[in-house]
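In case you want the letters, here they are:
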Amino acid sequence: MMLALSGASVDGSLYTDVVDLARRSPAWFDDTVSVWSAYGLAVFAVLMAAGWWRARRVDAASAVTALAVPVAVVLAYVVNSLVKLAVHEVRPCRTLHTVTLEACPAPTDWSFPSNHAAIAAAAAVALFFVSRRLGVIAVVAAAAMAVSRVWVGAHYPHDVLAGLVAGALVAFVMMKVLVRRPEELARRIAASRLRPLLVS
């Protein structure tokens, strides 16, 4: 079943206000936000790697939990992408014909929900299972990613909110399932060629 969400009727005026503010903001600030919006997801990869590196120095079960983080993120991305295909919300830059910092994506690159926000939220929630400190850092980064996607004109506010919720929920459920018995998973991995992933 395919839905046709009209995002402009939800929060189009708020989106327009944000995009107008972005056009009036200093160039250095817009450039910074644009770079973060485009490449900021790499920070979450670094945080996941740091979590794994730290966890494998604790014990094998902790390392298994850390290895489950990218799995949860990928699953969140897949679920979010399936929702995109079902909803078919046209990007706001095409519907509202606004001038945005980021080039408007292709017509079939749907807007709802935001993949960037979903990936960021999934990483943040999953990282809490590894390290509260890394989780807090990731939460702040995820919020910044969500805001940046509206700022550059790629998404409506409801797109990023939905992406954050979807990513967080999927990651929470998946981490609960994946790390239900970390010791058993650790024993299986330790008996395979992947053993170096568990111990320093």
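It should be noted that the structure appears before, not after, this text.
## Digging into the overall build of the protein
What the protein contains, in helices and strands, is 9 helices and 0 strands. Helices and strands appear in the protein in the N-to-C order α-α-α-α-α-α-α-α-α. Looking at the protein residue by residue over its 200 residues, the buried ones come to 43%. Carbon together with sulfur atoms contributes 69% to the accessible area of the protein, which is approximately 10400 Å² in total.

## Observations regarding the environment of Arg56
Within the element layout of this structure, Arg56 appears in the loop between α3 (41–55) and α4 (60–87). Arg56 sits 11 residues away from Leu67 along the chain, and the two C-alpha atoms are 9.7 Å apart.

## Some words on the pattern of salt bridges
Considering all chains together, one arrives at 3 salt bridges under this definition. Among the salt bridges present, the one from Asp20 reaches Arg23, with a minimum N-O distance of 2.6 Å. With Asp20 and Arg23 both in helix α1 (residues 8–24) and 3 residues apart, the pair spans about one turn of that helix. Arg23 gets classed as partly exposed once you look at its relative accessible area, which sits at 43%. Note that Asp109 is salt-bridged to Arg91, the shortest N-O span being 2.9 Å. With a gap of 18 residues between them, Asp109 in the loop between α5 (92–95) and α6 (115–128) and Arg91 in the loop between α4 and α5 connect regions that are remote in the sequence.

## Structural notes on the side chain of Ser114
Its location among the elements puts Ser114 in the loop between α5 and α6. From its side chain, Ser114 meets the backbone nitrogen of Ala117 in a polar contact 3.1 Å long. When sequence neighbours within four positions are dropped, the list of residues in contact with Ser114 reads Asn80, Arg149, His155, Asp159, Val160 and Gly163.

## A short note on unusual backbone geometry
Of note, the bond from Phe112 into Pro113 is cis; its omega dihedral lies within 30 degrees of zero at -10°. Inspection of the secondary structure puts Pro113 in the loop between α5 and α6. Here His97, not a glycine, exhibits a phi torsion of approximately 55°, which is positive. Among the secondary structure elements, His97 is positioned in the loop between α5 and α6.

## Some words on the nonpolar core
Counting residues in each nonpolar core, the largest one holds 28 residues, and the members touching the most others are Phe44, Val69, Val73 and Met175. Those elements that provide at least two residues to this core are α3, α4, α6, α7 (132–151) and α8 (157–178). Ranked by residues supplied to this core, first place goes to α6 with 8 residues. Those residues in contact with Phe44 that lie beyond four places of it in its chain are Ala120, Ala123, Ala138, Ala141 and Ala142. Core analysis: the second largest hydrophobic core is formed by 8 residues, Cys93, Ala146, Tyr156 and Val160 among them.

About the cut-offs
Along each chain, residues carry numbers from 1 onward, in the same order as the chain's sequence is written. In keeping with the model being predicted, local features are shown solely for residues with a pLDDT of at least 70 and side-chain atom pairs are shown and tallied solely at 80 or more, while totals for entire chains, interfaces and linings include all residues. By convention in this description, side-chain values take in all heavy atoms of the structure and omit both hydrogens and water. Counting from the N terminus, the helices are the DSSP runs of H or I reaching at least four residues and the strands are the DSSP runs of E reaching at least two. For every residue, the accessible area (1.4 Å probe, protein chains only) is compared with the maximum for its type, and the residue is labelled buried under 20%, exposed over 50%, or partly exposed between those bounds. Using a 1.4 Å probe, the Shrake-Rupley method yields the accessible areas, and only the shown protein chains count as cover for residues. Salt-bridge detection follows one rule: a side-chain nitrogen of Lys or Arg within 4 Å of a carboxyl oxygen of Asp or Glu. Whenever two N or O atoms come within 3.5 Å, that pair is a polar contact, provided that in protein one can donate a hydrogen and the other can accept it, and provided that, for residues adjacent in sequence, both atoms are side-chain atoms. Whether two residues are in contact is decided by their heavy atoms, any of which lying within 4.5 Å being enough. Buried Ala, Val, Leu, Ile, Met, Phe, Trp, Tyr and Cys residues form a nonpolar core when they are joined through side-chain atoms within 4.5 Å.

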